[in-house]
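# Structural characterization, general
Single-letter residue listing:
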Amino acid sequence: MIPRTMAEAQIPHRVDAVKFVEQIQKLSGEIDSSELTRLNQSVERCLAPINCVLSFERDEERHRLLVGECSTRVAMICQRCLDVVEVEVSSRFELGLVFNDDQARQLPRRLEPVELGENGQLDLWAAIEDEVLLSLPAFPAHPESECQLQQPEPEDSNSNEQQPNPFDVLAQLKQK
Ligand SMILES: [Zn+2]
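Below: a short report on this structure.

The rules behind each value
- Residues numbered from 1 in each chain as written.
- Predicted model: local features only at pLDDT ≥ 70, side-chain atom pairs only at ≥ 80, totals over all residues.
- Pairing = 2+ DSSP bridges.
- Helix = DSSP H or I, 4+ residues; strand = E, 2+ residues; numbered from the N terminus.
- Expected span 1.5 Å × (residues − 1).
- Buried ≥ 20, exposed ≤ 12 C-beta atoms within 10 Å, placed from the backbone.
- Contact = placed C-beta atoms within 7 Å.

### Quick word on the pairing of strand S7 (residues 84-98)
Where a strand is regular, its side chains alternate between the two sheet faces. For strand S6 (residues 64-77) and S7, the ladder comprises 13 bridges, and the chain directions are antiparallel. Looking at the pairing, Ser71 lines up with Ser90 of S7. Hairpin geometry of S6 and S7 is characterised by an intervening segment of 6 residues between the two adjacent antiparallel strands and by a positive phi of about 65° at Leu82. In this structure, S7 lies alongside strand S8 (residues 112-115), joined through 4 bridges in parallel fashion. By the bridge assignment for S8, Val98 is matched with Glu115.

Shown next as structure tokens:
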């Protein structure tokens, strides 16, 4: 069968995954990130749609696969300076499309299981949202040169001086 390309700007929310696998369907397009509740709760702000390139296919062992990549840009809180940092998120994935837990357990390790609805429906947005969530950095931070909080600054410019000995300070006070 000749692979078909569906040139849609928007990735459909739900698809007939079984049919798409038989058709070796390719999809590329965007998902409006403002529609993805869990993602919006996990980041400060979504800054771009999620770009996706997806392919429904079977591997040699006849597993149904969704192979693809997605990328987007989000604002998160820098864990060093607590200011906003823009983060590029991207993910490549190989999902094994299954109908139940038994099938999920039989998948080879390299395939991440995703469960289909009874008639082979796949919530594509949720599957992609999961991938983006998994790819968010656990410790978002600016590159060191751009972070507000660089190495802690000493209070005066004589940074090489040692901390004053408290007894010296006391002695000076007594002399006054
Ligand atoms: Zn920072």
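After that view, the rundown keeps rolling.
### Examining helix H4 (residues 124-135)
In this model, H4 (12 residues) spans 17 Å end to end at C-alpha, consistent with the 16 Å of a helix rising 1.5 Å per residue. Every buried residue of H4 is listed here: Leu124, Trp125, Ala127, Ile128, Glu129, Glu131 and Val132.

### Notes on unusual backbone geometry
We note that Arg62 has phi near 70°; this positive angle belongs to a residue other than glycine. Tracing the backbone shows Arg62 in the loop between strand S5 (50-58) and S6. For Arg62, a count of 8 C-beta atoms within 10 Å corresponds to the exposed category. The backbone of Leu82 shows a phi angle near 65°, a positive value even though the residue is not glycine.

### Let's talk about the environment of Arg64
Along the chain, Arg64 falls in strand S6. Along the primary structure Arg64 and Phe20 are separated by 44 residues, whereas in three dimensions their C-alpha atoms are 9.8 Å apart. Contacts of Arg64, omitting those with residues within four sequence positions, involve Ala17, Val21, Arg58 and Leu97.

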